[in-house]
Amino acid sequence: MDITPCLLDIRNPLIVDGAALGSRIAATGKEHLWEPRFLPYEVNVIVIHSVSAEALSPAEPFDRRWILKTFCDYGVSSHYIIERSGEILRLVPEEMKAWHAGGSIMPEPDNRQAVNGFSLGIELAGSSVSGFSAAQYEKLGELCSDIERRHGRHFTYVGHEDIAGSRAVTAGLRKDIKTDPGPAFSRQEFLERLEALRSSGG
Ligand SMILES: [Zn+2]
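Note that the structure is a prediction, hence the values are computed from the model and not measured.

Asks: How should I be thinking about the pairing of strand E5 (residues 45-51) in this particular structure?
Replies: Residues in a regular strand point their side chains to alternate faces of the sheet. Summarising burial for E5: seven of the seven residues are buried, a large majority. Side chains Val45, Val47, His49 and Val51 project from E5 onto one buried face, and the interleaved Ile46, Ile48 and Ser50 project onto a second face that is buried too. Taken together, the seven bridges between E5 and strand E9 (residues 119-125) define a ladder with parallel strand orientation. Paired with Val45 across the strands is Ser119, a residue of E9. Taken together, the four bridges between E5 and strand E10 (residues 156-159) define a ladder with parallel strand orientation. Bridging from a neighbouring strand, Ile46 pairs with Tyr157 of E10.

Structure, rendered in structure tokens:
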């Protein structure tokens, strides 16, 4: 499938606010915004997020440049971002651990902690106000179906809010409560699309 490479490493040439993303990453002393996974973790969870750069750029909150600058500023990352148009950007190689979940715990009865170690993160550009575009649902389904086919297994799907909400705070794993992707994201629509792609072999 069509995926635009945009790896969050020191060679990333995308210019934001007068400086390349790569130079912003280099300035933090890192070579890239990911780290190796500790084997033998099996990657079997996909965490769905929503992301917006409203604070940095109220006029263009879903522009990739501002979203990725925010990632560099905060030292966070995800494997993919799906833009409003449906364009998919690859930010972190799947075999590497991205920094998208933070302090986290899987829902009962799984209960595994530190979800970054065994998950992929997918960001949908959007907010509780904008909701998500038809193209984003379409591409999210295709991407997840493609990932399942390549990894040869079905994944477990959770929202960031399911693993980094009040339960994670109560467990002492984090201080703030994540609420994305929130009720504006229709899990039913996504899961129906994924199921249709699974059964059509696509
Ligand atoms: Zn999130």
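Asks: Please clarify how the coordination of the zinc ion should be interpreted in this entry.
Replies: Ideal geometry at a metal centre gives angles of 109.5 degrees when four donors are arranged tetrahedrally and 90 or 180 degrees when six donors are arranged octahedrally. Those protein atoms acting as donors to the zinc ion are His49 (ND1), His160 (ND1) and Asp180 (OD), and they sit at 2.1 to 2.2 Å. Of note, the donors binding the zinc ion are all from one chain and are spaced H-x110-H-x19-D. In this pair, His49 is assigned in strand E5 and His160 in helix H4 (residues 160-163), connecting sequence segments 111 residues apart. Each member of the pair His49 and His160 is classed as buried.

Asks: What is the right way to read the environment of Glu31 from this model?
Replies: Within the fold, Glu31 resides in the loop between helix H1 (21-27) and strand E4 (35-36). Classification of Glu31 as exposed rests on a relative accessible area of 54%. Discounting chain neighbours no more than four positions away, the residues touching Glu31 are Asp9, Ile10 and Ile25.

Asks: Help me understand helix H6 (residues 187-199) in this model?
Replies: It helps to recall that an α-helix has 3.6 residues per turn; residues three or four apart then point in one direction. Here H6 contains 13 residues, and its C-alpha end-to-end distance of 18 Å stays within 8% of the 18 Å for a straight helix at 1.5 Å per residue. After H6 finishes, the residue Gly201 shows a positive phi value of roughly 75 degrees.

Reading the values: the criteria
- Residues numbered from 1 in each chain as written.
- Predicted model: local features only at pLDDT ≥ 70, side-chain atom pairs only at ≥ 80, totals over all residues.
- Heavy atoms only, no water.
- Buried < 20%, exposed > 50% of the residue type's maximum accessible area, 1.4 Å probe, protein only.
- Helix = DSSP H or I, 4+ residues; strand = E, 2+ residues; numbered from the N terminus.
- Pairing = 2+ DSSP bridges.
- Donors = N, O, S within 2.8 Å, 3.2 Å for Na, K, Ca; no water.
- Contact = heavy atoms within 4.5 Å.
- Expected span 1.5 Å × (residues − 1).

Geometric values such as these leave the question of function open.
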